[in-house]
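Letter by letter, the chains look like this.
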Amino acid sequence: MSSSSAFRNELKGVDAYTRHKKLIHNYLSFYRGSVPTNVPEEYKTERDVIRDNHKFVRSSNEEAETWEQRVAKKYYDTLFKEYAICELKYYKEGKIALRWRVEREVISGKGQFVCASTRCESTKSLKSWEVNFGYMEDGEKKNELVKVRLCPECSDKLNYKTKKRAAKRQEKKHKKKRRTEREEEESDEHVSDSEDQSSSEEEEKAEKDKEETSAIWSKPLESKEEKSKEEEYEDYFADLLQ
């Protein structure tokens with residue numbers, strides 16, 4: 001049996017990837033002299049390359065320098081960036097994930113005429129929201145205004161944290177108002193007590209003055225004994241002789 005026949009028999013019944021590795025191994029062994037030790041066992045797929053080099057927003061004048069960056073930019077250029085698709089699984093933790101729509105989603109109306117949530121297919125009462133999307137990219141915090149269209153239920157999920165903060169602020173405001181009203185009531189009670197005390201003191205003083213006045217007017221006049229005519233004459237002459 002020839003070596004070529006043996007080689008063909010060796011490749012029978014194996015999958016394409018195993019056959020590919022065997023061919024490359026034989027090529028490097030026979031035509032390059034040795035198999036390099038730095039050949040990776042696993043190779044990145046195009047999807048891996050796009051994921052590692054993807055950017056949520058790219059500037060129009062941005063240039064791709066490497067093959068990986070060119071692949072990622074080519075994919076980015078195929079995306080539709082008018083409306084976004086959102087993942088609301090962790091909405092209670094304030095974690096909302098957004099991505100741009102692909103062609104098949106635009107054709108089906110997903111994200112525009114169908115709720116943009118990945119877990120919802122509602123088409124009723126959709127509302128557009130402009131979200132200030134904050135994300136980390138290349139070790140840098142970035143922000144981008146993104147439009148999403150959601151049904152009422154998913155809209156509540158999108159605004160869950162905002163509504164929760166608003167409810168806390170409202171509750172705090174109500175507590176402060178109630179505390180202020182309670183303090184004002186206590187102050188009014190104190191003023192009322194002071195006024196009652198002053199009024200009582202004034203009434204007591206008025207009553208005392210009334211009693212003193214009444215006592216004066218009701219006091220009997222001091223009686224004087226009338227002098228006799230002889231005594232009056234004596235007093236008269238006494239005044240003249242002084």
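What this report covers is the structure whose coordinates are included nearby. None of these values were measured; they are calculated from a predicted model.

Notes on helix H4 (residues 67-77)
So, point 1. When we look at burial in H4, the residues that qualify are Val71, Ala72 and Tyr76. The buried side chains of H4 occupy one side of the element, clustering within an arc of 140° when seen end-on.
So, point 2. Looking at the buried positions of H4, the neighbouring elements they touch are helix H3 (46-53), strand E1 (80-90) and strand E2 (95-101).

A few points about H3
So, point 1. Taken as a whole, H3 has its buried residues at Asp48, Val49 and Ile50.
So, point 2. On its buried face, H3 sits against H4.

Considerations on the nonpolar core
So, point 1. Among the nonpolar cores identified, the biggest contains 22 residues, and Trp100, Cys115, Val146, Val148, Leu150 and Cys154 are the most heavily contacted of them.
So, point 2. Of all the secondary-structure elements, those providing two or more residues to this core are E1, E2, strand E3 (127-137), strand E4 (140-150) and helix H6 (152-158).

Section: the packing of aromatic side chains
The geometry of two aromatic rings is summed up by the distance between their centres and the angle between their planes.
So, point 1. Applying the stated criterion to the full structure yields 5 aromatic pairs.
So, point 2. Taken together, a centroid distance of 5.3 Å and an interplanar angle of 20° make the contact between Phe133 and Tyr135 stacked.
So, point 3. Residue Phe133 is classed as buried on the basis of its relative accessible area, which comes to 11%.
So, point 4. Aromatic ring contacts, followed pair by pair, group Phe56, Trp100, Phe133 and Tyr135 into a single cluster.
So, point 5. When the ring centre of Tyr76 is taken as reference, the NZ or CZ atom of Arg58 above it lies at 6.0 Å.
So, point 6. The positively charged end of Lys81 is found above the aromatic ring belonging to Tyr76, 4.3 Å away from the centroid.

Concerning a positive patch on the surface
So, point 1. A contiguous patch of positive charge, built from Lys92, Lys161, Lys164, Arg165, Lys168 and Arg169, is present on the exposed surface.
So, point 2. Relative to the helices and strands, Lys161 resides in helix H7 (residues 160-218).
So, point 3. Classification of Lys161 by relative accessible area gives partly exposed; the value is 30%.

Details of the pattern of salt bridges
So, point 1. Taken as a whole and assessed by the stated rule, the structure comprises 13 salt bridges.
So, point 2. Glu93 is paired through a salt bridge with Lys95; the nearest N and O atoms lie 3.5 Å apart.
So, point 3. Close ionic contact of Lys110 with Glu121 constitutes a salt bridge, the shortest N to O distance being 3.4 Å. Taken as a pair, Lys110 in the loop between helix H5 (103-108) and E3 and Glu121 in the loop between H5 and E3 lie far apart in primary sequence, 11 residues in all.
So, point 4. By relative accessible area, which is 58% here, Glu121 ends up exposed.
So, point 5. Each of Lys44, Asp48, Arg51 and Asp52 takes part in one network of salt bridges that share partners.

What to know about unusual backbone geometry
So, point 1. For Ser125, which is not a glycine, the phi torsion comes out positive at approximately 50°.
So, point 2. Even without being a glycine, Asp138 presents a positive backbone phi close to 55°.
So, point 3. With respect to the helices and strands, Asp138 occurs in the loop between E3 and E4.

Overview of the pairing of E1
So, point 1. Sheet topology places E1 next to E2; 6 bridges connect them, and they run antiparallel. When the sheet's bridge partners are listed, Ala84 is paired in E2 with Trp100.
So, point 2. Between E1 and E2, which pair antiparallel and follow one another directly, the connecting turn spans 4 residues, one of which, Gly94, has a positive phi of 75°.

About the criteria used
- Residues numbered from 1 in each chain as written.
- Predicted model: local features only at pLDDT ≥ 70, side-chain atom pairs only at ≥ 80, totals over all residues.
- Heavy atoms only, no water.
- Buried < 20%, exposed > 50% of the residue type's maximum accessible area, 1.4 Å probe, protein only.
- Helix = DSSP H or I, 4+ residues; strand = E, 2+ residues; numbered from the N terminus.
- Arc of directions from axis to C-beta.
- Contact = heavy atoms within 4.5 Å.
- Core = buried A, V, L, I, M, F, W, Y, C linked by side-chain atoms within 4.5 Å.
- Phe/Tyr/Trp six-rings, centres within 6.5 Å; stacked < 30°, edge-to-face > 60°.
- Lys NZ or Arg CZ within 6 Å of the ring centre and 35° of its normal.
- Patch = residues over 30% accessible without salt bridge, like charges linked within 9 Å, V, L, I, M, F, W, Y side chains within 5 Å.
- Areas by Shrake-Rupley, 256 points an atom, 1.4 Å probe, with all protein chains shown as cover.
- Salt bridge = Lys/Arg side-chain N within 4 Å of Asp/Glu carboxyl O.
- Lys, Arg positive; Asp, Glu negative; His and termini not counted.
- Charge placed at Lys NZ, Arg CZ, Asp CG, Glu CD.
- Pairing = 2+ DSSP bridges.

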